[in-house]
Amino acid sequence: MGKMKGKLRNISEFIFEFFSPLKPVMVLLPFFIFFYSVVWQGLEKARLNRQIHERTATKEELKRKNDELKIGIVAYTSAERIETLYRRTYQFLPISLGNRTVTIELPPIPDLDSKEK
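Residues numbered from 1 in each chain as written. Predicted model: local features only at pLDDT ≥ 70, side-chain atom pairs only at ≥ 80, totals over all residues. Heavy atoms only, no water.

### Looking at the overall build of the chain
Move 1: Counting secondary structure elements, the chain contains four helices and zero strands.
Move 2: Across the 117 residues in the chain, those meeting the buried criterion constitute 2%.
Move 3: In the structure as shown, the chain presents an accessible area of about 11700 Å², 66% of it carried by carbon and sulfur atoms. (Helix = DSSP H or I, 4+ residues; strand = E, 2+ residues; numbered from the N terminus. Buried < 20%, exposed > 50% of the residue type's maximum accessible area, 1.4 Å probe, protein only. Areas by Shrake-Rupley, 256 points an atom, 1.4 Å probe, with all protein chains shown as cover.)

Shown next as structure tokens:
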């Protein structure tokens, strides 16, 4: 048993001597890992916030364009405009001055969530 204890002691001393220059690194490694994770999380959060802001701005711009297009459809399909175009084209006089109603059914707006699935 004496030889075995001596060999184990020599191996443990050898390992200790081998890793002794790395002691400062081993002590500072947890701090480096913590600092890196904090910095990485901060950068990732900033990147995701920027993407959210860009997508929100794009969404608002698309909503505004959609509203403008709806207003344009209403303006171009109004009864007065259709009547004046018809009279100019075919040179007709007005028959009566009563109210006229034109109903146009627009196709439904597709749901974006169902397309993504």
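### Thoughts on the environment of Ala-79
Move 1: Following the sequence through the fold, Ala-79 ends up in helix H3 (residues 79-90).
Move 2: Using a relative accessible area of 16% as the deciding quantity, one classes Ala-79 as buried.
Move 3: Here the alpha-carbon distance between Ala-79 and Thr-103, two residues 24 residues apart in the chain, equals 9.2 Å.

### Details of the pattern of salt bridges
Move 1: Taken as a whole, this structure holds five salt bridges when the rule is applied.
Move 2: Salt-bridge contacts for Arg-50 lead to Glu-54; the nearest nitrogen and oxygen are separated by 3.8 Å. Residue Arg-50 and its partner Glu-54 are both found in helix H2 (residues 23-76); the two are separated by four residues, about one turn of the helix. (Salt bridge = Lys/Arg side-chain N within 4 Å of Asp/Glu carboxyl O.)

### Quick look at the confidence of the model for the chain
Move 1: Averaged over every residue, the pLDDT of the chain is 81; residues scoring 70 or more account for 79%.
Move 2: For the chain, per-element mean pLDDT is lowest for helix H4 (residues 112-116), which scores 62, and highest for H2, which scores 91. (pLDDT = per-residue confidence, 0-100.)

### Observations regarding the packing of aromatic side chains
Move 1: Counting across every chain of the model gives one aromatic pair.
Move 2: Ring geometry for Tyr-86 versus Tyr-90: centroids 5.0 Å apart, planes at 50 degrees, classification tilted. Taken as a pair, Tyr-86 and Tyr-90 lie in helix H3 at a separation of four residues, close to a single helical turn.
Move 3: Classification of Tyr-86 as partly exposed rests on a relative accessible area of 45%.
Move 4: Its relative accessible area of 53% is what places Tyr-90 among the exposed residues. (Phe/Tyr/Trp six-rings, centres within 6.5 Å; stacked < 30°, edge-to-face > 60°.)

### Observations regarding H2
Move 1: Across its 54 residues, H2 extends 79 Å between first and last C-alpha, which sits within 8% of the 80 Å expected from 1.5 Å per residue.
Move 2: The largest bend along H2 measures about 40 degrees and falls at Leu-29, with the proline Pro-30 one to four residues further on. (Expected span 1.5 Å × (residues − 1). Bend = angle between axes of the 7 residues up to and from the residue.)

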